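This is what each chain is made of:
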Amino acid sequence: MPDSSRHPSIEYDGFSKHFGRIRAVEGITFSVAPGPIVGFLGPNGAGKTTALRGILGLLRPTRGSATALGKPLEAPENRGLVVGAHLDGIGFETGITASRHLKIACLALGQPRSRVDEVLREVDLAALARRRVKTFSTGMVQRLGLATALLGSRPIFVVDEPGNGLDPEDLRWLKQNLRTFADEGGTVLVSSHQLADFSSIVDELVIMKRTVLYAGTHESLVGADNATLEEKYFELTDPFAAQ
Ligand SMILES: Nc1ncnc2c1ncn2[C@@H]1O[C@H](COP(=O)(O)OP(=O)(O)OP(=O)(O)O)[C@@H](O)[C@H]1O
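About the criteria used
- Residues numbered from 1 in each chain as written.
- Predicted model: local features only at pLDDT ≥ 70, side-chain atom pairs only at ≥ 80, totals over all residues.
- Heavy atoms only, no water.
- Helix = DSSP H or I, 4+ residues; strand = E, 2+ residues; numbered from the N terminus.
- Polar contact = N/O pair within 3.5 Å; in protein donor to acceptor, adjacent residues only side chain to side chain.
- Buried < 20%, exposed > 50% of the residue type's maximum accessible area, 1.4 Å probe, protein only.
- Contact = heavy atoms within 4.5 Å.
- Phe/Tyr/Trp six-rings, centres within 6.5 Å; stacked < 30°, edge-to-face > 60°.
- Lys NZ or Arg CZ within 6 Å of the ring centre and 35° of its normal.
- Pairing = 2+ DSSP bridges.
- Axes fitted to C-alpha atoms, helices over the stretch in contact; angles between N-to-C directions.
- Expected span 1.5 Å × (residues − 1).
- Arc of directions from axis to C-beta.
- Salt bridge = Lys/Arg side-chain N within 4 Å of Asp/Glu carboxyl O.

**Considering the side chain of Thr-97**
Here is step 1: Among the structural elements, Thr-97 can be located in the loop between strand E5 (83-86) and helix H3 (98-109).
Here is step 2: Separated by 3.1 Å, the side chain of Thr-97 and the backbone nitrogen of Arg-100 make a polar contact.

**Brief notes about the environment of Gln-194**
Here is step 1: Structurally, the position occupied by Gln-194 is in the loop between strand E7 (187-192) and helix H7 (195-199).
Here is step 2: Residue Gln-194 is classed as partly exposed on the basis of its relative accessible area of 26%.
Here is step 3: As a C-alpha pair, Gln-194 and Val-32 span 162 residues in sequence and 21 Å in three-dimensional space.
Here is step 4: The residues contacting Gln-194, other than those within four sequence positions of it, are Gly-163 and Asn-164.

**Considering the packing of aromatic side chains**
Here is step 1: Tallied over the entire structure, the rule returns five aromatic pairs.
Here is step 2: Here Phe-30 and Phe-40 contribute two aromatic rings whose centre-to-centre distance is 5.6 Å and whose plane-to-plane angle is 50 degrees, an arrangement assigned as tilted. One end of the pair, Phe-30, is in strand E2 (residues 22-32); the other, Phe-40, is in strand E3 (residues 37-41), with 10 residues separating them in the sequence.
Here is step 3: A relative accessible area of 6% means that Phe-30 is categorised as buried.
Here is step 4: Phe-40 gets classed as buried once you look at its relative accessible area, which sits at 0%.
Here is step 5: On the numbers, 5.3 Å between centres and 80 degrees between planes, the contact of Tyr-233 with Phe-234 is edge-to-face.
Here is step 6: Aromatic ring contacts, followed pair by pair, group Tyr-12, Phe-15, Phe-30 and Phe-40 into a single cluster.
Here is step 7: Arg-143 extends its terminal NZ or CZ atom over the ring of Trp-173, reaching a point 4.3 Å from the ring centre.

**Focus: the sheet that holds E2**
Here is step 1: If you trace the three strands from one edge of the open sheet to the other, you get E2-E1-E4, paired in antiparallel fashion. The open sheet is flanked by E2 and strand E4 (63-68), the only strands paired with a single partner. In this sheet, adjacent strand axes meet at a mean angle of 25 degrees when their direction is disregarded.
Here is step 2: Where strand E1 (residues 10-19) meets E4, five bridges bridge the pair, whose relative direction is antiparallel. From the neighbouring strand, Ile-10 faces E4, where its bridge partner is Ala-68.
Here is step 3: Sheet strands in contact with helix H1 (residues 48-55) are E1, E2 and E4, and its direction is about 120 degrees off that of E1.

**Digging into H3**
Here is step 1: Under the 1.5 Å per step criterion, the end-to-end length of H3 is 17 Å for 12 residues, consistent within 8% with the ideal 16 Å.
Here is step 2: Of the positions making up H3, those classed as buried are Ala-98, Ser-99, His-101, Leu-102, Ala-105, Cys-106 and Leu-109. On an axial view of H3, the arc spanned by its buried residues comes to 155 degrees, and they lie on one face. Exposed and facing more than 90 degrees away from the buried side of H3 are Leu-107 and Ala-108.
Here is step 3: Two residues or fewer past H3, Gly-110 is found with a positive phi of approximately 70 degrees.

**Let's talk about the pattern of salt bridges**
Here is step 1: Following the criterion strictly, the structure yields seven salt bridges and no others.
Here is step 2: For Asp-124, the salt bridge is made with Arg-143, and the minimal N-O distance between the two is 3.8 Å. Residue Asp-124 is found in the loop between helix H4 (114-122) and helix H5 (138-150), and its partner Arg-143 is found in helix H5; the two are separated by 19 residues along the sequence.
Here is step 3: On the basis of relative accessible area, Asp-124 is assigned to the exposed category, the value being 53%.
Here is step 4: With relative accessibility at 12%, the residue Arg-143 sits in the buried group.
Here is step 5: Arg-179 is the partner of Asp-203 in a salt bridge, and the nearest nitrogen-oxygen pair spans 3.0 Å.

**Concerning unusual backbone geometry**
Here is step 1: At Asp-124, a position not held by glycine, the phi torsion is positive, near 60 degrees.
Here is step 2: Here Arg-210, not a glycine, exhibits a phi torsion of approximately 70 degrees, which is positive.
Here is step 3: Tracing the chain through its elements places Arg-210 in the loop between strand E8 (204-209) and strand E9 (211-217).

Printed below as a string of structure tokens:
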């Protein structure tokens, strides 16, 4: 992002990912520093999840690089300790309880079991710790995903479409949590295609559609001509429809 006084935690440098003939992401370059909440926006199929999977070391770039704290996260033991992530469509073993799920994740991450109760409290799921995940609502599943991402007390938090399935109360809770994490010096990159949900919370924006269309502050995007984020977003992503 444009403020070079903060050392970036996430850096994409010419990152491209092709799946056969599908050019999902083409040469994206931007960085994210601790402090601001950075919204990663783009229409369906724009390549957001592919780019996030790149930073998590879950896929290899066709060209370029994606690094967190200066390194690619390909080693699984590094991945969990640097970046807490909650990706859209993540699966849970539905027959187990929330508490059991988190205990297994603690083992995988080398975290003490005491973190389980702490994160359950952080995401307001303590009362449901012994309920089976298959009985959870979508919002509860989202909270469990976020709890898993928070387990390692990591400096970077990457969240893909966290608003999906959340009611307004859940959404307010989520925004407050992301803000607290960022205010405490965490790095937050949160993807969405739901503009209204996040326009009130993101400080900086990366808007992409295969390539980066905008990377900068929320204020400078909408400020100059007093436009709304939605107007600017459509101008960038669908210039013909915006006319
Ligand atoms: N494993 C894969 N194999 C083939 N094509 C893929 C694969 N993963 C993603 N794609 C394609 O890459 C493009 C970008 O997909 P991606 O999921 O990254 O977009 P997105 O911005 O996250 O979309 P959404 O908001 O709908 O989740 C799409 O055309 C998708 O079909």
